[in-house]
Protein chains: 2
Amino acid sequence: MTPRSCSIANALEVVGERWSLLALREVFFGNTRFDQIAANTGASRDVLAARLKKLVSAGVLEKVQYSSHPPRHEYHLTDSGRALHNVLLMLREWGDQYVTEGPPPQVFQHSCGHVLHPRVVCAHCGEEVSPESLTRAAQPTH
Amino acid sequence: MTPRSCSIANALEVVGERWSLLALREVFFGNTRFDQIAANTGASRDVLAARLKKLVSAGVLEKVQYSSHPPRHEYHLTDSGRALHNVLLMLREWGDQYVTEGPPPQVFQHSCGHVLHPRVVCAHCGEEVSPESLTRAAQPTH
DNA sequence: CTCCTAAGTTGGCTTTCCCAACTCACGTTA
DNA sequence: TAACGTGAGTTGGGAAAGCCAACTTAGGAG
């Protein structure tokens, strides 16, 4: 059988390799330069260079020059990259709850003043989404 | 420098390898048996066996026997595994919006009757979470 | 007996990954 | 001007992981 066509699989084609999401985490933290990303993730430089190139060509990051003499650039998030914030939030929340032992290594405060605990809700009704609250809708005819 | 301690990295240690999240997707779809998972993901059987073993030992899945003669089992989600649903939802949403060309391969209907578009909100105030709405809170002293 | 199914294992080959060292373009210090 | 520093990668070689097809094991069905 041929594997299921699925946007999760498509997403993982782009950001599913090792170091890709960690590189993006660093960019969200404001560490937008090659050496910062390498140091904070622990990725080897050759693999990191390959991942960044792929993320740029996939439109998740863009290379922005911030100095021409000497030529230097940083990696900035595109809209697509910014939209990955949600994925990182949920991954961190899951890691905090089920993997990391002891207190969370990072804690974030939401603009409402409270410590953030992200929750996934239906954009239409605002109710929390559980696996049981979903049914598969009709497939688009292809 | 030593890499940043982070629950995203910890989470990816567990579910970040290729095929792990796709195997979990299948279990959420109700395809809980080895051959089903292999067929629907496209993973090679040896790698899939290794991934499932790892997910079981990490407490994300559990092996449940459903027949003793012949001995047969299926993979069921634990609480930890069920909590990954949010990650898959956000990954699919991102894939639908930024990677998959054309209409989404799967559409889900929420129990409220509408097509699901998941959204991440702050559990306390219910407002949508953006990268800019967050500030880093004090680190726990270690 | 022989065939069939589920759930892996095994062997052999190919592709990635990792690490340290090197390059290259430029600026700075002495 | 020579030596040194910095940012951003490349390169080379060995180790690890991945891929595929075929094999195994434990039992049931015809």
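Before any of the text, the structure's been laid out above.
Scope of this entry: the structure provided in the associated data block. (Residues numbered from 1 in each chain as written. Chains lettered and ligands numbered in written order. Predicted model: local features only at pLDDT ≥ 70, side-chain atom pairs only at ≥ 80, totals over all residues. Heavy atoms only, no water.)

### Some details on the relation of the copies chain A and chain B
Turning chain A through 180 degrees and shifting it by 0.0 Å along the axis lays it on chain B, with an RMSD of 0.0 Å. This pairing of chains is accounted for by a two-fold axis. Among all residues of chain A, the one whose C-alpha sits closest to the rotation axis is Val-120 of chain A, at a distance of 2.3 Å. A shared interface surface links the copies, since 100% of the contact residues of chain A are contact residues in chain B too. (Least-squares fit on C-alpha atoms with pLDDT ≥ 70 in both. Contact = heavy atoms within 4.5 Å.)

### As for the interface of chain A and chain B
With 83 residues of chain A in contact, the opposing surface of chain B contributes 83 residues. Interface area for chain A against chain B, summed over the two sides, is near 7,200 Å², with a carbon-plus-sulfur share of 67%. Viewed at the interface, chain B and chain A are joined by two salt bridges. The salt bridge partner of Glu-26 of chain B is Arg-4 of chain A, with a shortest N-O separation of 2.5 Å. Our count for the chain A to chain B interface comes out at 29 residue pairs in polar contact (both at pLDDT 80 or more). (Buried area = accessible area lost by both parts, 1.4 Å probe. Salt bridge = Lys/Arg side-chain N within 4 Å of Asp/Glu carboxyl O. Polar contact = N/O pair within 3.5 Å; in protein donor to acceptor, adjacent residues only side chain to side chain.)

### Some thoughts on the protein's contact with DNA strand D
Among the 20 residues in the neighbourhood of DNA strand D, the closest are listed as His-73 and Tyr-75 of chain A together with Arg-18, Asp-46 and Arg-51 of chain B. A share of 60% is what sugar and phosphate atoms reach among the atoms of DNA strand D within 4 Å of the protein. At a separation of 3.4 Å, a phosphate oxygen of DNA strand D approaches a polar backbone atom of Phe-34 of chain A. Elements with a minimum of two residues in the surface near DNA strand D: helix 3 (34-41), helix 4 (45-57), strand 1 (61-68) and strand 2 (71-77) of chain A together with helix 4 (45-57) of chain B. The biggest single contributor to the surface near DNA strand D is helix 4 of chain A, with four residues. (Near = heavy atom within 4 Å. Helix = DSSP H or I, 4+ residues; strand = E, 2+ residues; numbered from the N terminus.)

### Concerning helix 4 of chain A
All names here are of chain A. For helix 4, spanning 13 residues, the distance from its first C-alpha to its last is 18 Å, which sits close to the expected 18 Å at 1.5 Å a residue. Of all the positions in helix 4, only Leu-48, Arg-51, Leu-52 and Leu-55 are classed as buried. The arc that holds the buried residues of helix 4, viewed along the axis, is 100 degrees, so those residues lie on one side. Exposed residues pointing more than 90 degrees away from the buried face of helix 4 are listed as Asp-46, Lys-53 and Ser-57. At its buried positions, helix 4 is contacted by helix 1 (7-15), helix 2 (20-28), helix 3, strand 1 and strand 2. (Expected span 1.5 Å × (residues − 1). Buried < 20%, exposed > 50% of the residue type's maximum accessible area, 1.4 Å probe, protein only. Arc of directions from axis to C-beta.)

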